[in-house]
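What follows is the residue order along each chain.
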Amino acid sequence: MEKKRGFEVAKGFEDWNINLPERKTKYSAGYDVEAAEDTVIPSFKKGMKPTLVKTGVKAYMGEDEVLILANRSSNPGKKGLILANSIGVVDSDYYGNKDNDGHIMFAFYNIKEEDIEIKKGDAIGQAIFQKYLVADEDSAEAVREGGFGSTTKE
């Protein structure tokens, strides 16, 4: 079978007993993604950086596709967790990059007054594959050189 899109365990996580993301119902748009390890997300304080929660997975897809990372609808109310960037965008050329092999992470802030602990195997978000379009005058020719956040590094 030809590989079109899907998930694999990222390099360095082969022995971590990682569960690949899966849809829970027939008509679910999103694949539920789990935390790869226990992680404490501290209560937000002005100036702090978001906490990156490792998943241990990477995603492959077509060149005209993107993987959107979305928060679980229950996270803000129950755990006080919000995504630092509202949604995550995983480009197709992130897969297998030289810096981190395309390892997907969720960037969270905790808006509760107490620290929140995420346990290994907890569902932390959803991943949704989508096609995207480019503008008529698009002329992007650059090639990704690195991993997380590398497209804006000079």
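The structure presented is a predicted model; accordingly, all values stated were derived computationally and were not measured.

A. Up close: the packing of aromatic side chains. Here the structure, examined in full by the defined rule, presents seven aromatic pairs. Here Tyr31 and Phe129 contribute two aromatic rings whose centre-to-centre distance is 6.0 Å and whose plane-to-plane angle is 80°, an arrangement assigned as edge-to-face. One end of the pair, Tyr31, is in strand S2 (residues 31-34); the other, Phe129, is in strand S11 (residues 123-131), with 98 residues separating them in the sequence. By relative accessible area, which is 26% here, Tyr31 ends up partly exposed.

B. Seen up close, the pattern of salt bridges. On inspection of all chains with the given rule, the structure shows ten salt bridges. In this structure, Lys54 and Glu37 form a salt bridge, with 3.7 Å as the shortest nitrogen-oxygen distance. With Lys54 in strand S4 (residues 51-54) and Glu37 in the loop between S2 and strand S3 (39-41), the pair connects residues that are 17 residues apart, well separated along the chain. When its relative accessible area of 31% is taken as the criterion, Lys54 is described as partly exposed. Look at Glu37 and you get partly exposed, because its relative accessible area is 26%. Across the salt bridge formed by Asp38 and Lys119, the nearest N and O atoms sit 3.8 Å from each other. Taken together, the residues Asp38 in the loop between S2 and S3 and Lys119 in the loop between strand S10 (116-118) and S11 connect sequence positions 81 residues apart. Ionic contacts of the salt-bridge type, sharing partners, join the residues Lys3, Glu8, Lys58 and Asp101 into one network.

C. Expanded view of the environment of Thr51. Relative to the helices and strands, Thr51 resides in strand S4. Along the primary structure Thr51 and Trp16 are separated by 35 residues, whereas in three dimensions their C-alpha atoms are 20 Å apart. Residue contacts for Thr51: discarding those within four places in its chain leaves Thr39, Val40, Ile41, Pro42, Phe106, Ala107 and Phe108.

D. Inspection of the sheet that holds S11 at higher detail. If you walk across this open sheet you meet the four strands as S2-S11-S6-S8, and the pairing is antiparallel. Across the chains shown, the open sheet's two edge strands, defined by having one partner strand only, are S2 and strand S8 (88-91). Across the sheet, the mean angle separating the axes of adjacent strands is 30° when strand polarity is ignored. Bridge count for strand S6 (residues 65-71) against S8 is four bridges, and the pairing is antiparallel. Across the sheet, residue Leu67 finds its bridge partner in S8, namely Val90.

E. Expanded view of the nonpolar core. Counting 26 residues, the largest nonpolar core has Leu67, Ile104, Phe106 and Phe108 as its most contacted members. At the level of secondary structure, the elements contributing two or more residues to this core comprise strand S5 (57-60), S6, strand S7 (81-83), strand S9 (105-110), S10 and S11. With sequence-adjacent residues up to four places away left out, Leu67 is seen in contact with Phe7, Ala59, Met61, Gly88, Val89, Val90, Ile104, Ala127, Ile128 and Phe129.

F. Region of interest: unusual backbone geometry. Phi at Asn17 takes a positive value of approximately 55°, unusual for a residue other than glycine. Assignment of secondary structure puts Asn17 in the loop between strand S1 (6-9) and S2. With a phi close to 70°, Ser86 is a non-glycine residue in the positive phi region. Inspection of the secondary structure puts Ser86 in the loop between S7 and S8.

Each value, and the rule that gives it
Residues numbered from 1 in each chain as written. Predicted model: local features only at pLDDT ≥ 70, side-chain atom pairs only at ≥ 80, totals over all residues. Heavy atoms only, no water. Phe/Tyr/Trp six-rings, centres within 6.5 Å; stacked < 30°, edge-to-face > 60°. Helix = DSSP H or I, 4+ residues; strand = E, 2+ residues; numbered from the N terminus. Buried < 20%, exposed > 50% of the residue type's maximum accessible area, 1.4 Å probe, protein only. Salt bridge = Lys/Arg side-chain N within 4 Å of Asp/Glu carboxyl O. Contact = heavy atoms within 4.5 Å. Pairing = 2+ DSSP bridges. Axes fitted to C-alpha atoms, helices over the stretch in contact; angles between N-to-C directions. Core = buried A, V, L, I, M, F, W, Y, C linked by side-chain atoms within 4.5 Å.

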